[in-house]
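Read off the chains here:
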Amino acid sequence: MFFSIIVPVYNRPDEACELLQSLSVQSYKDFELVLIEDGSSKPCANEVERFRDRININYIVKENSGRSDTRNVGMKQAKGEYFIFFDSDCIIPPEYLEIVDRLLKEDYADCFGGPDREHPSFNAMQKAVNYAMTSFWTTGGIRGGKIKMEKFKPRTFNMGFSRRVYEKTGDFRDMYGEDIDLSIRINKAGFTTKLYGEAFVYHKRRVNLKRFYKQVNIFGQARMNLYKLYPDSLKPVHTIPALFVAGSAVILCLAVFVSVRFLLLPAAYLLLLFSDSLAKTKSLKIAGLAVVASLIQIFGYGLGFIRSFFQKIVFRQGLEDSDTIKKVYK
């Protein structure tokens, strides 16, 4: 099967170089890379030239318009039978495409998604953020893991679907949660969606905690966008971070005005996070950072969810406009 790998990139030449390097050593060679430069002031043209003799690259440079439109431009240029999407900060294992090709032959899916893992080369903060975004104890286990908290919906850091799916369901919408929106539309159109657990990628994510907070806050806001479009898409698990934020405020008040013993509950949770991360990473430093990253993940998502709930549901404001999306993408 001929794959079209579609990747938007914005001011990340170093990350693009790592992605290109990982694609250049794929054991399965029947693919093209559609790499779309979204108006970057720091383009990756030099990195692309380094790998042109090893990868079939269609390098597109365009004005900045945000990640959804950029992926849509890539799909319009793609020649493959099956489209695969990565983020530019991903590193792809050398057997990835070979595994996907095999799974499509053995257990075909019109649309698939895979999980993400940490790479041994990641620094301590990247590993801590990876823990926060994938752990069951932070609700991260719903992002392509084995925990069945909700029906699996592929995300564009590791997602693929057939040309036929694209022709019927169309482009990514310009909104927060655009990949989940498309996953829902694919499902409603009657196509099959599956989790290919073997087809994982290494996702570096954001290492600056301020940017990480902004990212997960947007995820929380996106949930209300999706709820307005698809009321049945909101599941109890999506409200957990918001309930955590509200519960933390209540516990803090009780600790101040009633008894400090109420702080034992959050202390137990923090100990659980630390112990679980320590068991997985074997590093005291990473475990400590993982507690911080996990709290940012939960509070960031929860506060975004609460903010968007009041904006979209209580005050009945509409979806974000495209200018807002562009600012977030940057």
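Residues numbered from 1 in each chain as written. Predicted model: local features only at pLDDT ≥ 70, side-chain atom pairs only at ≥ 80, totals over all residues. Heavy atoms only, no water.

**Brief notes about the overall build of the chain**
Phase 1: When you go through the chain residue by residue, the secondary structure sums to twelve helices and ten strands.
Phase 2: For 330 residues, the compact-globule estimate of 2.2 N^0.38 gives 20 Å, and the C-alpha radius of gyration of the chain, at 20 Å, lies within 12% of that figure.
Phase 3: With the C-alpha coordinates of the chain rotated into their principal frame, the extents come out at 70 × 45 × 45 Å.
Phase 4: Restricting the contact set of the chain to residue pairs at least 6 apart, pairs at least 24 apart contribute 80%.
Phase 5: Entry remark: accessible area of the chain is about 15100 Å², with carbon and sulfur atoms responsible for 58%.
Phase 6: When the 47 positive and 36 negative side-chain charges of the chain are each reduced to one mean point, those points stand 7 Å apart. (Helix = DSSP H or I, 4+ residues; strand = E, 2+ residues; numbered from the N terminus. Rg over C-alpha atoms; globule rule 2.2 N^0.38 Å. Contact = heavy atoms within 4.5 Å. Areas by Shrake-Rupley, 256 points an atom, 1.4 Å probe, with all protein chains shown as cover. Lys, Arg positive; Asp, Glu negative; His and termini not counted. Charge placed at Lys NZ, Arg CZ, Asp CG, Glu CD.)

**As for the sheet that holds strand β10 (residues 201-203)**
Phase 1: In spatial order, the strands read β5-β10-β7; together these three strands make up an open sheet with mixed pairing. The open sheet is flanked by β5 (90-91) and β7 (116-117), the only strands paired with a single partner.
Phase 2: One ladder, built from two bridges, connects β5 with β10; its direction is antiparallel. Along β10, the bridge assignment pairs C90 with H203. (Pairing = 2+ DSSP bridges.)

**Considering the nonpolar core**
Phase 1: Within the largest apolar cluster, 36 residues are counted, with the highest numbers of intra-cluster contacts made by F3, I5, L23, L33, I84, F86 and Y96.
Phase 2: Put simply, the parts of the chain that give this core at least two residues each are β1 (3-9), α1 (13-24), β2 (31-38), α2 (45-51), β3 (57-62), β4 (82-86) and α4 (96-106).
Phase 3: With six residues, α4 is the largest single contributor of residues to this core.
Phase 4: Once you skip the residues sitting within four places of it in the chain, F86 turns out to touch I5, I6, V7, P8, L23, I92, Y96, T156, F157, N158 and V201. (Core = buried A, V, L, I, M, F, W, Y, C linked by side-chain atoms within 4.5 Å. Buried < 20%, exposed > 50% of the residue type's maximum accessible area, 1.4 Å probe, protein only.)

**Comments concerning the side chain of K127**
Phase 1: Along the chain, K127 turns up in helix α5 (residues 124-134).
Phase 2: Of the side chains with opposite charge, E118 lies nearest to the buried K127, which makes no salt bridge, at 4.5 Å.
Phase 3: If near-sequence neighbours (up to four positions away) are discounted, K127 is found in contact with E118, H119, P120, F122 and I286. (Salt bridge = Lys/Arg side-chain N within 4 Å of Asp/Glu carboxyl O.)

**Structural notes on the packing of aromatic side chains**
Phase 1: Under the counting rule described, the total for this entry stands at 15 aromatic pairs.
Phase 2: Judged by centre distance (6.4 Å) and plane angle (85 degrees), the ring pair of Y82 and Y108 falls under edge-to-face. Here the residue Y82 occupies a position in strand β4, and Y108 occupies one in the loop between α4 and β6 (111-113), the gap between them amounting to 26 residues.
Phase 3: With relative accessibility at 1%, the residue Y82 sits in the buried group.
Phase 4: Taking 5.3 Å as the distance between ring centres and 55 degrees as the angle between the ring planes, the aromatic pair formed by F244 and Y269 counts as tilted. Linking F244 in helix α9 (residues 240-257) with Y269 in helix α10 (residues 264-281), this pair joins segments that are 25 residues apart in sequence.
Phase 5: Classification of F244 by relative accessible area gives partly exposed; the value is 23%.
Phase 6: Here Y269 falls in the buried class, since its relative accessible area comes to 17%. (Phe/Tyr/Trp six-rings, centres within 6.5 Å; stacked < 30°, edge-to-face > 60°.)

**Quick notes on the pattern of salt bridges**
Phase 1: The tally for this structure, following the rule as stated, stands at 19 salt bridges.
Phase 2: The salt bridge partner of D171 is K76, with a shortest N-O separation of 3.0 Å. Of this pair, D171 sits in the loop between α6 (163-169) and α7 (178-188) while K76 is found in helix α3 (residues 67-77), placing the two residues 95 residues apart along the sequence.
Phase 3: The class of D171 is partly exposed, set by a relative accessible area of 29%.
Phase 4: In this structure, D276 and K280 form a salt bridge, with 2.7 Å as the shortest nitrogen-oxygen distance. You can see D276 and its partner K280 sitting in helix α10, four residues apart, about one turn around the helix.
Phase 5: Here the salt bridges share partners, and the residues they tie into one network are R67, R71, D87 and E178.

**A closer look at a nonpolar patch on the surface**
Phase 1: A cluster of nonpolar side chains, contributed by L252, V256, F257, V258, V260, F262 and L263, occupies part of the molecular surface with about 740 Å² of accessible area.
Phase 2: In this fold, F257 is placed in helix α9. (Patch = residues over 30% accessible without salt bridge, like charges linked within 9 Å, V, L, I, M, F, W, Y side chains within 5 Å.)

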